[in-house]
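Below, each chain spelled out in residue letters.
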Amino acid sequence: MAVESVLNLEEVTIRLAGDSGDGMQLVGTELTNTSALFGNDVGTLPDYPAEIRAPAGTLAGVSGFQLHIGSFDIHTPGDEVDVLVAMNPAALKANIKALKPNGVLIVNAESFDEKGLKLAAYTANPLEDGSLSGYQLFRVEMSSHTKAALRETGLDFKSMERCKNFFALGMIFWLFNRPMEYTIKFIEDKFSKKPLLAQANILALKGGFAYCEATEAFVNKYEINPAKLAPGKYRNLGGNEAIGLGFVAAAQKAGLELFLGSYPITPASDILHTMAKFKNFGVKTFQAEDEIAAVAASIGAAYAGDIAVTTTSGPGMCLKSEAINLAIMTELPLVIVDVQRAGPSTGLPTKTEQADLLQALYGRNGESPIPIIAASRPADCFEVAYEAIRIAIRYMTPVIVLSDGYIGNGAEPWLIPEVEQLPAINVDRHINKDQFYPYQRTEDTLTRPWAIPGMAGLEHRIGGLEKKNIMGTVNYEPENHEYMCRIRAEKVHRIANEFGPTEISGADSGDLLVLGWGGTYGAIRTAVEHCMKKGMKVSRVHLRWINPLPNDLGDILKRFKHVLIPEINLGQLSKVIRSEYLIDAIGLNKISGLPFNSKEIENKIEAILGGSNGHRN
Amino acid sequence: MAIETEISPKPLTKSDFESDQEVRWCPGCGDYAILAQVQRTLPDMGIPKEKYVFVSGIGCSSRFPYYMNTYGFHTIHGRAPAFATGIKVANPDLSVWVISGDGDSLSIGGNHFIHAIRRNIDIKYLLFNNRIYGLTKGQYSPTSEIGKITKSTPMGSLEHPFNPLAVALGAGASFVARTLDRDPKAMVEVLKAAGQHRGTAFIEIYQNCIIFNDGAFTQLTEKETKLDNTILLEHGKPLVYGKNKDKGIKLDGFKPVSVSLTDGKHSVNDLLIHDVKSKDPVLAFIYSQMTEDPTLPTPVGVFRAVENNCYDQDVKTQIAFSKEKMGKGNLKDLLHKGDTWIVS
Ligand SMILES: Cc1ncc(C[n+]2csc(CCOP(=O)(O)OP(=O)(O)O)c2C)c(N)n1
Ligand code: SF4
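Computed from a prediction, not measured in an experiment: that's the story for all the values here. Note on numbering: residues in each chain are counted from 1, in written sequence order. Note on labels: chains are lettered from A, ligands numbered from 1, in written order. It should be noted that, the model being predicted, local features are given only for residues of pLDDT at least 70 and side-chain atom pairs only at 80 or more, the latter also being counted only at that level, while totals for whole chains, interfaces and linings use all residues. Note: side-chain values were computed over all heavy atoms of the structure, leaving out hydrogens and water.

A. Structural view of the overall build of chain A. When its secondary structure is counted, chain A shows 20 helices and 22 strands. In terms of overall size, chain A behaves like a compact globule, its C-alpha atoms giving a radius of gyration of 26 Å where 617 residues would be expected to give roughly 25 Å. When its C-alpha atoms are laid out on the principal axes, chain A stretches across 85 × 65 × 45 Å. By the burial criterion, 62% of the 617 residues in chain A qualify as buried. Each helix is a run of H or I in the DSSP string that is no shorter than four residues. Each strand is a run of E no shorter than two, and both are numbered from the N terminus. The globule rule is 2.2 Å times the number of residues to the power 0.38, and the radius of gyration it is compared with is taken over C-alpha atoms. Throughout this description, buried means an accessible area under 20% of the type-specific maximum (1.4 Å probe, protein chains only), exposed means over 50%, and partly exposed covers the range between.

Shown next as structure tokens:
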């Protein structure tokens, strides 16, 4: 069968799925990097099991990596899958639902033997029973072909078999006309100490490509033109890595050393891993005995003059709450990152959710106001981390950064900022040596001085007990406590004076405003843009700061007939908006461990607006 | 980071370390004596006042930093060692002192207690052991003896107590000592030794809570009984004790036994010779166990003081090494790392 045509696509969504030992995340990442370097915009959604070693071949062990490639500015990892690669029957079973009608389905045919089918709990072979007739099915004997490609290497069969992920990647590279050179270089670097394995993986990659070329297995070949992104220099950046970079950049700009106290937890650990490599930037990473020690050490470091950060995910966030309150009482700069994951308790540790918002806002004893900033996309994490540190120092306050598993593990092209243009971070310690008081405040920001141990003549004591304003001595007077509670709240409130006017995408009044926060950014944006094209009177606002809320938000909300708030929780921002502005916000809530498809939001917008005319009676 | 460190112009005295805050422990509380000895010892350490940081958890004892005219941080229950770790790693130049109670260190803070010791972070750790919860008004603590009657254990506590020194030694402590609130001279000596130690210097201080556990240590502190019930560990010296220096400790297998030096059967030559520098912690551990044995005196003084790597210094060294090896980090290079492409 000859290649019939080269189809030019605007965008394509590919999902690679296999057993967790099959290396799907690795080849998915390689495809992402190559596509980004090729000039496409990309969005990714890694999806892997919580068990490190679920039994091979079972549904519990399926690991997937979804990638959206576009020739325009895309915002999501894709709704429906155009091309699915299934390395075994379990991977097919777990992922076939996502594949579009008539989508391309490539399977590793050899794995559909009796054992494989049984492990996946198939009663009949789906390759033969006609159940896949709605797709373009391509059966490829990947294991045998890989072994054939590696025959000369002298590797044992088991090691050969392990290279079949690169064989699959080679096929995709052919299908989508991607260059192999970046991946070849990657393999050479990764296996620099094991040249035989490097050679084998490269042979497998080339083997997959050659197989497609020689056998003319596919009907079509696809082309996705480079995206027209804003001019500049780009690199591909993952969310967790971006947070680490943002912190280092902030510390460098502030001219202070950086201290990270952390305790490993999925999906936040990668921030610790990233930052542990930055020792030559003076970054001190401390792997504590638990989350309490991690945040406590960070607060200690902040007290002693370092820029201090602590990173975690939901369960760890719970443990940190008492110490966060100490940072609030002592008014010390500290940034706490919560890469949210699904569920209370251990929940679904590898899945995503936005359900820690109320914990961040209210999950501590007493009146405990804390600024909260939320990242919207992987590359946005850089700016958010940077901004959190700037505000923490400027206002002498802990700041919570909310990210989530989807953002943290995802990656996208990042327009590298000019170092000179990053906002200044001024460390003004507000110290008056002649008349120093630990809780003396600046007029505009209500900030107390950051006097650190080692500074002669400024010895003073701080702690969790209420202090007299200005003097900083322990104080139990009722009036003082009330005054201090109000000052702490007011301080956080004043941060909103730093925000410019809230950006509204679309008209600044109309039938519907879609209000979003955090990782729903891409899905909401895509949905709203589609609906706008259809002529609906819908606009969009995305919140970066959730505490404080922008000063102009109340007015904006009132200019729309309806307000829709899509969230990956059961309505947490909705609660806040309703109580803050007394408006009847409509929630769109999903809580399945997965991000929104833009289609889900689009459907809801249409339902609210009563069809596509944009008017509702 | 520029930290101002003016050398204090005149020699420091005890009053330089007294803050303007009124001390508010119960009259007769052992905490007063400890505060006074610390304030008395610090001027002689040769460290400028602004470099001292006192970090505490929560409890009566943990109010301590407010009464010291140094830098001070009164933190949350049990976590003082973790805060101290961050402070010391941020600035290894500081002299960081942790103040904690038996509940604070060994109940809620047990985890941080052992890990600070394990890392051998260079802090001075004073555990005020009154074998009771003071601040919360008299519940039994992890050092209370079995059968202790308290508000929360009206029929007697059923729990085995911790021996703080044994816990510390088990965690690998490089310095452990014990002293008594009622023995100011000995306390000053122990504090000085701790101040000179590089690494976690752990001191258990028996402290009388006059309100909720009065008299817990009278056998060890009162004139008539003290000398027969305690033994001062002195480096290089045999383990002799007793009102008339007429008793000593020798080893019988692994078991320490008390022997008379006057009955003609034993002489000083049979006794154990204390060696604080012994790499092997076994003897220190055996001494710690003497606490539990009513037939033996309770050891006080410095049990162990050995050199070992300190976490805070090692962090600093590793960073310096990394800067030397990889070059001082350049932000621009970091942001532009890896594969990049240009869109025009
Ligand atoms: C998280 C938390 N739990 C409980 C308490 C209550 N609490 C305060 S001090 C204390 C025990 C104090 O006993 P100890 O550490 O022996 O110190 P002391 O008061 O005897 O000096 C407790 C249980 C608290 N402050 N914080
Ligand atoms: S309750 Fe006990 S420990 Fe607390 S201050 Fe009073 S005497 Fe001291």
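B. Examining the site of ligand 1 more closely. The near set for a molecule or strand comprises every residue that places at least one heavy atom within 4 Å of it. In the region of ligand 1, 17 residues are neighbours, and B:Cys60, B:Ser61, B:Asp104, B:Gly134 and B:Leu135 sit closest. Ligand 1 sits at a junction of chains, with neighbouring residues supplied by chains A and B. B:Ile132 has a polar backbone atom sitting 3.1 Å from an oxygen atom of ligand 1. Per-residue and other accessible areas follow the Shrake-Rupley method at a 1.4 Å probe size, with only the shown protein chains counted as cover for residues. Protein coverage of the free-state accessible area of ligand 1, which is 590 Å², stands at 77%. Of all the elements, helix H3 (residues 102–108) of chain B adds the most residues to the shell around ligand 1, at four residues. In this count, Pro and Cys sit with the nonpolar residues alongside Ala, Val, Leu, Ile, Met, Phe, Trp and Tyr, while Asp, Glu, Lys and Arg are called charged and the others, Gly among them, polar. A breakdown of the residues in the shell around ligand 1 according to their chemical character gives six nonpolar, eight polar and three charged. Any pair of nitrogen or oxygen atoms within 3.5 Å is treated as a polar contact; in protein, a donor-acceptor pairing is required on top of that, and neighbouring residues in sequence qualify only through side-chain atoms on both sides.

C. Summary view of the site of ligand 2. Taken together, B:Trp25, B:Cys26, B:Cys29, B:Cys60, B:Asn130, B:Gln207, B:Cys209, B:Ile210, B:Ile211 and B:Phe212 make up the full set of residues adjacent to ligand 2. Split by residue class, the shell around ligand 2 holds eight nonpolar, two polar and no charged.

D. Layout of the sheet that holds strand E13 (residues 334–340) of chain A. Residue and element names in this part refer to chain A. When DSSP locates at least two bridges between a pair of strands, those strands are taken to pair. Reading across the sheet, the seven strands line up as E11-E10-E12-E13-E15-E14-E20 and stay open at both edges, with mixed pairing between neighbours. The sheet is open, and its two edges are formed by strand E11 (283–287) and strand E20 (545–547), each paired on a single side. Going across the sheet, the axis of each strand differs from the next one's by a mean of 20°, ignoring polarity. Summarising the sheet, strand E14 (residues 372–374) and strand E15 (residues 398–404) pair through three bridges and their orientation is parallel. Along E15, the bridge assignment pairs isoleucine 372 with isoleucine 400. It only takes one pair of heavy atoms within 4.5 Å for two residues to be counted as in contact. Fitted lines through C-alpha atoms give the axes, limited to the stretch in contact for helices. The angle between two N-to-C directions lies from 0 to 180 degrees. Relative to the sheet, helix H11 (residues 291–303) contacts strand E10 (258–262), E11, strand E12 (307–312) and E13, its axis offset from that of E12 by approximately 165°.

E. Local environment of the sheet that holds strand E8 (residues 240–241) of chain B. Residue and element names in this part refer to chain B. An order of E8-E9-E10 is seen for the three strands of this open sheet, with the pairing classed as antiparallel. Looking along the sheet, the strands with just one partner apiece sit at the ends: E8 and strand E10 (255–260). Here E8 runs beside strand E9 (residues 247–252); their pairing, made up of two bridges, is antiparallel. When the bridges of E9 are listed, tyrosine 241 appears paired with lysine 247.

F. Broad picture of the packing of aromatic side chains. Here the aromatic set is Phe, Tyr and Trp, taking the six-membered ring for Trp, and pairing holds for ring centres within 6.5 Å; pairs whose planes are under 30 degrees apart are stacked, those over 60 apart are edge-to-face, and all others are tilted. The tally for this structure, following the rule as stated, stands at 22 aromatic pairs over all chains. Plain terms: the ring middles of A:Phe382 and A:Tyr386 are 6.4 Å apart, the flat faces sit at 25° to each other, and that makes the pair stacked. Placement of both A:Phe382 and A:Tyr386 in helix H14 (residues 380–395) is noted, with a separation of four residues, approximately one turn of the helix. The class for A:Tyr386 is buried, based on a relative accessible area of 3%. Within the aromatic cluster, the residues linked to one another by ring pairs are B:Trp25, B:Tyr32, B:Phe54, B:Phe64, B:Tyr67, B:Trp97 and B:Phe128. The side chain of A:Lys93 reaches across the aromatic face of A:Tyr122, ending 4.9 Å from its centre. Placement of a charge over a ring requires the Lys NZ or Arg CZ to be within 6 Å of the ring centre, with the centre-to-atom vector within 35 degrees of the ring normal. Lying over the aromatic face of A:Tyr439, A:Arg448 brings its terminal NZ or CZ to 4.9 Å of the ring centre.

G. Region of the structure containing the packing of H11(A) against helix H12 (residues 314–330) of chain A. All names here are of chain A. Two elements in contact, H11 and H12, have axes whose closest approach is 8 Å; the angle formed by their N-to-C orientations is 30°. With respect to each other, H11 and H12 are oriented roughly parallel. The way H11 lies across H12 gives a crossing that is right-handed. Contact residues: H11 offers Glu291, Ile292, Ala294, Val295 and Ile299, while H12 offers Gly316, Leu319, Lys320, Ala323, Ile324 and Ala327. Split by residue class, the contact of H11 with H12 holds eight nonpolar, one polar and two charged. Roughly parallel means an angle under 35 degrees; roughly antiparallel means over 145; roughly perpendicular covers 65 to 115; every other angle is labelled oblique. Whether a crossing is left-handed or right-handed is set by the direction in which the near helix is turned from the far one by less than a right angle, anticlockwise for left-handed and clockwise for right-handed.

H. Local environment of the pattern of salt bridges. Residues and elements named next belong to chain A. When a carboxyl oxygen of Asp or Glu lies within 4 Å of a side-chain nitrogen of Lys or Arg, that pair is called a salt bridge. Here the structure, examined in full by the defined rule, presents 40 salt bridges over all chains. For lysine 164, the salt bridge goes to aspartate 22, with nearest N and O atoms at 3.5 Å. Of this pair, lysine 164 sits in helix H6 (residues 164–175) while aspartate 22 sits in the loop between strand E2 (11–19) and helix H1 (24–38), placing them 142 residues apart in sequence. We classify lysine 164 as buried; its relative accessible area is 8%. Judged by its relative accessible area of 14%, aspartate 22 is buried. With a closest N to O distance of 3.3 Å, aspartate 189 and lysine 185 form a salt bridge. Here aspartate 189 pairs with lysine 185, and both are found in helix H7 (residues 181–190), just four residues apart, close to one helical turn.

I. Region of interest: the interface of chain A and chain B. If you look at the interface, chain A gives 75 residues, while chain B gives 60 residues. We define buried area as the total accessible area lost by two parts upon association, computed with a 1.4 Å probe and summed across both. Interface of chain A and chain B: buried area, both sides summed, is about 5800 Å²; carbon and sulfur atoms make up 64% of it. Our count for the chain A to chain B interface comes out at one salt bridge. A:Glu289 is the partner of B:Arg119 in a salt bridge, and the nearest nitrogen-oxygen pair spans 2.8 Å. No other element matches the eight residues that H11(A) contributes to the side of chain A that touches chain B.

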